[in-house]
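Secondary and tertiary structure notes
The residues making up each chain are set out below.
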Amino acid sequence: MSKLATAWQPSRLKGIQLDREFGTPFLAATQVFDLRPSPRKFLSLDRTAGSSERFIENGTIVITCSGSVGRATLIYAAHEGALISHDLLRITPTNPLYWGWLYAYFRSTPALEMMTSAQYGHMIKHLEPSHIHDLPVPVPRDDILAEFQQEAQKILDLRNKAWRLQCVAEKTFSDAIGVPDDASHAEVAFSVLASALIGKRRRLEATFYSPEATNILSQFHRASLQIDKLGDITDGVWWMTRFKRIFGDEGDRYLSADELFSINPNTTKKVIIEQTDDPDAFRVKEGWIVMACSGQVYGLNGSVSLMTKRHEDAFFSHDLIRIIPRVDNVRPGYLFTALGHPELGRPLVIRNAYGTSIPHLDPEDVRNIPIVRLGKEKENQIADIMEHAIELRVEADATENALAERAERLLALYLLGDTSSFNVMIS
């Protein structure tokens, strides 16, 4: 690999944190793999040594090198403008023509197995640039390199377009509603009327009455917009009972919340479905929405994902609330936007979380989440854009999987002695 590319990483980061309004967003290694990378820290650019090295160019191959090592992905539009952790190795090809092949190689099972075998450390695994440089890499013929280049570029273009369309859908949503009076994220003291605490749920924790959520609801009313409860525009909002998960090679593909909200994860877990009385109840249908209902409020808790055909064969965790939109009333793409919008949707969702160590969301509270209505024409416009964005993201994942599988087939042929597709072995 050292003759084909350079693997490198910036020095360990020592940054000074600032408020959101003044700092530059920072992404940890695992956040780079999130479908929606949401910065939790904002750093002083002037006080961050080597800050220019921590912005990564669109299309760069990166590989995790701490914790769960060897996971590879491409930097795309969702990461623009963010400082990125040193816990990701950056891969710079010596020749741009190698880029597509190298990405497919790093996504392949043989490369992942070699990288994990080279890791060191007991509690926290690590991978060094030298480990990457030592990997053996057969080099395909130039015509095959060009094909891998084309397909990798297609993946990047699809993800960039999908992200930008998602941003357009969310901006269209927020433009139709307007900006709440106080859109800041500052933590301030506040008070509520005692009468507001006396209700069916009797929520006594402060987060339920956060000014951020209150200001959003006030903006809905100022804009004279109709508000429906989620439960009134859906055919079901529920979760599954907890069950003991038994995994085995003969089982069905298993998706947890961590995998569901990651960029095209390598799902290796398979669960034995015979352990449950009604295994089909743990599956989903295209057009449903699932919501993470446990975890930290600054993390995945409350995140939503719109289900597609590729999800229907999977066995889903019980830690996901299922939501079935009533399609004659609301489009899945619009409901997904309304629930997942980072400024006007998520705060109304996550304020319902309860618990200190591991907060949870309850389906009864989720059914009462207010959904603002913008009229059929505007809602269909938003739904069309968002659903198209998700289609592009699914196409990118399918292209990426096919590319990795082709790389694996070529490597298998090489090991069997068929070198007809290769130029030379780099060692």
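Just above, that's the structure.
Residues numbered from 1 in each chain as written. Predicted model: local features only at pLDDT ≥ 70, side-chain atom pairs only at ≥ 80, totals over all residues. Heavy atoms only, no water.

Describing the environment of Trp238
For clarity, the cut-off: Per the convention used, a helix needs a DSSP run of H or I reaching at least four residues, while a strand needs a run of E reaching at least two, with both numbered from the N terminus. Contacts are residue-level and defined by heavy atoms, with any inter-residue pair within 4.5 Å sufficient.
Mapped onto the secondary structure, Trp238 falls in strand E10 (residues 234-238). Separated by 125 residues in the primary sequence, Trp238 and Pro363 have C-alpha atoms spaced 5.5 Å apart. Dropping the residues within four chain positions of it, Trp238 is found in contact with Trp288, Leu320, Ile321, Arg322, Ile324 and Pro363.

Concerning the sheet that holds strand E12 (residues 270-271)
The line we're drawing: Any two strands with at least two DSSP-identified bridges between them are counted as paired.
Ordered by their spatial adjacency, three strands build an open sheet running E12-E11-E15, and the pairing between neighbours is mixed. Here the strands that pair on one side only, and so sit at the sheet edges, are E12 and strand E15 (315-316). Across three bridges, strand E11 (residues 247-255) lies against E12 in antiparallel orientation. Directly across from Asp252, in E12, lies its bridge partner Val271.

Observations regarding the sheet that holds E10
We count it as follows: Every axis corresponds to a line fitted to the C-alpha atoms, with the helix fit spanning only the stretch in contact, and the corresponding angles, defined between N-to-C directions, vary from 0 to 180 degrees.
Across the sheet, which stays open at both edges, the four strands sit in the order E10-E16-E13-E14 with antiparallel pairing between neighbours. Edge positions in the sheet fall to E10 and strand E14 (304-306), since each of these pairs with one other strand and no more. Ignoring strand direction, the axes of neighbouring strands in this sheet form an average angle of 20°. Bridging between E10 and strand E16 (residues 320-325) involves four bridges; their strand directions are antiparallel. Directly across from Val237, in E16, lies its bridge partner Ile323. Relative to the sheet, helix H8 (residues 332-340) contacts E10, strand E13 (289-292), E14 and E16, its axis offset from that of E14 by approximately 165°.

Structural notes on the side chain of Thr48
Applied cut-off: Burial status follows relative accessibility: with a 1.4 Å probe on protein chains alone, a residue under 20% of its type maximum counts as buried, one over 50% as exposed, and anything between as partly exposed.
Along the chain, the position of Thr48 falls in the loop between strand E3 (41-43) and strand E4 (61-64). Residue class for Thr48 comes out buried when judged on its relative accessible area of 5%. In this structure Thr48 touches Leu13, Gly15, Leu43 and Arg54, once residues within four positions along its chain are discounted.

Focus: the packing of aromatic side chains
Formally: Aromatic rings from Phe, Tyr and Trp, with only the six-membered ring used for Trp, were paired whenever their centres fell within 6.5 Å, and each pair was classed as stacked if the ring planes differed by under 30 degrees, edge-to-face if by over 60, and tilted otherwise. To sit over a ring, a charge needs its Lys NZ or Arg CZ within 6 Å of the ring centre and within 35 degrees of the ring normal.
Counted according to the given criterion, the structure contains ten aromatic pairs. Ring centres 6.3 Å apart and planes at 45° place the aromatic pair Trp101 and Tyr105 in the tilted group. Remark: Tyr105 and Trp101 occur in helix H2 (residues 99-107); sequence separation between them is four residues, near one turn of the helix. We classify Trp101 as buried; its relative accessible area is 1%. The class for Tyr105 is buried, based on a relative accessible area of 1%. Each ring, one from Tyr414 and one from Phe422, has its centre 5.0 Å from the other, and the planes form 75°; the classification is edge-to-face. Of the two residues, Tyr414 and Phe422, both sit in the buried class. A cation sits over an aromatic face here: Arg71 above Phe33, 4.1 Å from the ring centre.

A look at the pattern of salt bridges
Filter applied, for reference: Salt bridges, as used here, are contacts in which a Lys or Arg side-chain nitrogen is within 4 Å of a carboxyl oxygen on Asp or Glu.
Taken as a whole, this structure holds 21 salt bridges when the rule is applied. A salt bridge links Glu379 to Arg373, with the shortest nitrogen-to-oxygen separation between them at 2.8 Å. In terms of burial, Glu379 and Arg373 fall into one category: buried. Overlapping salt bridges bring together Arg107, Arg159, Arg310, Asp397 and Glu400 as one network.

Topic: the pairing of E11
Relative to E15, E11 is paired through two bridges, and the arrangement is parallel. Note that in E15 the partner of Leu255 across the bridge is Phe316.

A closer look at the packing of H8 against helix H11 (residues 376-415)
Heads up, the condition is: Put simply, angles under 35 degrees are roughly parallel, angles over 145 are roughly antiparallel, angles from 65 to 115 are roughly perpendicular, and the rest are oblique.
Contact geometry for H8 and H11: axes closest at 7 Å, N-to-C directions at 90°. Put simply, H8 runs roughly perpendicular to H11. The segment H8 lies against H11, with Pro332, Gly333, Tyr334, Phe336 and Thr337 engaging Glu379, Ile382, Ala383, Met386, Glu387 and Ile390.

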